[in-house]
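These are the residues of each chain, in order.
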Amino acid sequence: MTLIAIILATLAAGIGSVWIAAALLRADLGGRRRVGPQPLLSLAAGALLATAFMHLLPEAFEGPADAHDLFTVLLLGLVFFFLLDKAELWHHGHEHSAAERHIHGPAHGHAAHDHHHGHHHHGHDGWFLLTGDSVHCFGDGVLIASAFVADMRLGVVAALSVLAHEVPHHIGDLVVLRHSSHHRNAALLKVSLAGAVTALGGMVGYYLVGLWDGALPYFLTIAASSFIYVALADLIPQLQKRLSAAQTLAQIAWLAAGIIAVTVIGALAHHGH
């Protein structure tokens, strides 16, 4: 039952996020998107941070593992994801930037230059981008599986948080690949295949946690470090722009909405249980 739930949740998070991203892009055709990446990034950052600090870490620390060991794993996890970022296998800032430029247009000369450079680069490097996506999605699958093994409710919250942060990421992927291939359906298929790797990661994660008895608190801590890293190193820096007071308040509201959504979903799942 747990494995089936993991497969369904990872497919929903992995492929579902791609289709939602494609639907948002399609809704924008012929006009400017009303809900662009900025609100989505804020929402995702709030959801990831709330899931890490209010669900994953508390669950990990309730286990028999030593708190000092778990904090060490948390630190090492952050360093590990930083190294993956350096290898361009985890960070997605450049894809989000491409989506921003696609929607709002290059406001300055250097932005136009960057867009041209990014177009040229990804035209030759689309498969490298998808390789990075696949690694990221595989990792997401392992982390979702760890959460499901700990608690079905925690698994649902983790899967929804992954879904939230993958939607703006996949919007960027689709924009980049469509620019380089000019075939929208091909781009959607490629990104969907990368997203499907989430389910593979989920199955591997389920068996890994089963094999290593007592390792679950450490898996949950690694999951938390992943969520924290993506939120603080990838999403939030893209929100640190000079904005009007109204836009800043909107960002804060969307960030709060992500936190509140995770809190409410967790509370409802707890109550249902």
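Residues numbered from 1 in each chain as written. Predicted model: local features only at pLDDT ≥ 70, side-chain atom pairs only at ≥ 80, totals over all residues. Heavy atoms only, no water.

**A few points about the overall build of the protein**
Defined as follows: The helix and strand labels rest on DSSP assignments: H or I over at least four residues marks a helix, E over at least two residues marks a strand, and numbering proceeds from the N terminus. Categorising residues by exposure relies on relative accessible area from a 1.4 Å probe, with only protein chains included: less than 20% of the type maximum marks a residue as buried, more than 50% marks it as exposed, and the intermediate range marks it as partly exposed. In what follows, a contact means two residues having at least one pair of non-hydrogen atoms within 4.5 Å. All accessible-area figures derive from a Shrake-Rupley calculation using a 1.4 Å probe, and residue coverage is judged against the displayed protein chains alone.
On a plain count of helices and strands, the protein comes out with nine helices and zero strands. Put simply, the protein runs from its N terminus to its C terminus through helices and strands in the order α-α-α-α-α-α-α-α-α. Looking at the protein as a whole, 49% of its 273 residues are labelled buried. For the protein, contacts bridging at least 24 residues in sequence account for 87% of all contacts bridging at least 6. Carbon and sulfur atoms make up 69% of the accessible area of the protein, which totals about 13100 Å².

**Examining the packing of aromatic side chains**
So the rule is basically this: Side-chain rings of Phe, Tyr and Trp (the six-membered ring for Trp) are treated as a pair once their centres are within 6.5 Å; stacked means planes under 30 degrees apart, edge-to-face means over 60, and tilted covers the remaining angles.
What the rule picks out here adds up to four aromatic pairs. Pairing F80 with F81 gives two aromatic rings, centres 5.3 Å apart and planes at 65°, and the pair type is edge-to-face. Judged by centre distance (6.0 Å) and plane angle (25°), the ring pair of W212 and F219 falls under stacked.

**Remarks on the pattern of salt bridges**
Let me state the cut-off plainly: Salt-bridge detection follows one rule: a side-chain nitrogen of Lys or Arg within 4 Å of a carboxyl oxygen of Asp or Glu.
Taken as a whole and judged by the stated rule, the model has one salt bridge. D151 is the partner of R153 in a salt bridge, and the nearest nitrogen-oxygen pair spans 2.4 Å. When sorted by exposure, R153 lands in the same class as D151, which is buried.

**Description of a nonpolar patch on the surface**
Short version of the rule: The patches reported here contain residues having more than 30% relative accessible area and no salt bridge. Joining distances are 9 Å for like charges and 5 Å for nonpolar side chains (Val, Leu, Ile, Met, Phe, Trp, Tyr).
Together, L75, V79, F82 and L83 give the surface a local cluster of nonpolar side chains, amounting to about 370 Å² of exposed area. Among the secondary structure elements, L83 is positioned in helix 3 (residues 67-86).

**Let's talk about helix 8 (residues 216-239)**
The condition that has to hold: By this rule the span expected of a helix is its residue count minus one, scaled by 1.5 Å. Each residue is assigned a bend, namely the angle between axes fitted to the seven residues that terminate at it and the seven residues that start at it.
With 24 residues, helix 8 should cover 34 Å at 1.5 Å per step; its first-to-last C-alpha distance of 33 Å lies within 8% of that length. A bend of about 30° at A231 is the largest found in helix 8. Along helix 8, 18 of the 24 residues are buried, which leaves the element largely enclosed by surrounding structure.

**Let's talk about the side chain of E166**
Rules: The definition of a polar contact used here is a pair of N or O atoms within 3.5 Å, where within protein one atom must be able to donate a hydrogen and the other to accept one, and adjacent residues in sequence count solely through side-chain atom pairs.
By the element assignment, E166 lies in helix 6 (residues 152-181). Classification of E166 by relative accessible area gives buried; the value is 1%. Here the side chain of E166 touches H165 through a polar contact of 3.2 Å, side chain to side chain. Apart from the residues lying within four places of it in its own chain, the contact partners of E166 are S17, H136 and D140.

**Examining the nonpolar core**
What counts is decided by this rule: Here, nonpolar core refers to any group of buried Ala, Val, Leu, Ile, Met, Phe, Trp, Tyr and Cys residues whose side-chain atoms link them within 4.5 Å.
Counting 45 residues, the largest nonpolar core has L48, L56, I144, F148, L220, F227 and L235 as the members making the most contacts within it. The set of elements that each furnish at least two residues to this core consists of helix 1 (2-27), helix 2 (37-61), helix 3, helix 5 (109-150), helix 6 and helix 8. Among all residues touching L48, those that are not within four sequence positions of it are S161, H165, F227, V230, A231 and L235.

**Comments concerning the environment of G210**
In this fold, G210 is placed in helix 7 (residues 184-211). In this structure the C-alpha to C-alpha distance between G210 and S146, which are 64 residues apart in sequence, comes to 9.6 Å.

**Looking at helix 1**
Compared with an ideal rise of 1.5 Å per residue, which puts 26 residues at 38 Å, helix 1 spans 36 Å between its outermost C-alpha atoms and is within 8% of the ideal. At G16, helix 1 is bent by approximately 35°, the largest bend along its length.

**What about the packing of helix 3 against helix 8?**
What counts here: Helix axes are fitted to C-alpha atoms over the stretch in contact, other axes to C-alpha atoms as well, and angles between N-to-C directions run from 0 to 180 degrees. Here is the rule for angles: anything less than 35 degrees is roughly parallel, anything more than 145 is roughly antiparallel, 65 through 115 is roughly perpendicular, and the remaining ranges are oblique. By convention, the crossing between two helices is left-handed when the near helix turns anticlockwise from the far helix through less than a right angle, and right-handed when the turn is clockwise. For this scheme, ten residues count as nonpolar: Ala, Val, Leu, Ile, Met, Phe, Trp, Tyr, Cys and Pro. Four count as charged, namely Asp, Glu, Lys and Arg, and the remainder, Gly too, count as polar.
Between helix 3 and helix 8, whose axes approach to 8 Å, the crossing angle comes to 45°. Put simply, helix 3 runs oblique to helix 8. Of the two possible hands of crossing, helix 3 and helix 8 adopt the one that is right-handed. Facing helix 3, whose interface residues are D69, L70, V73, L74, G77, L78, F81, F82 and D85, helix 8 presents P217, Y218, T221, I222, A224, S225, S226, I228 and Y229. In the contact of helix 3 with helix 8, the residues fall into 12 nonpolar, four polar and two charged.

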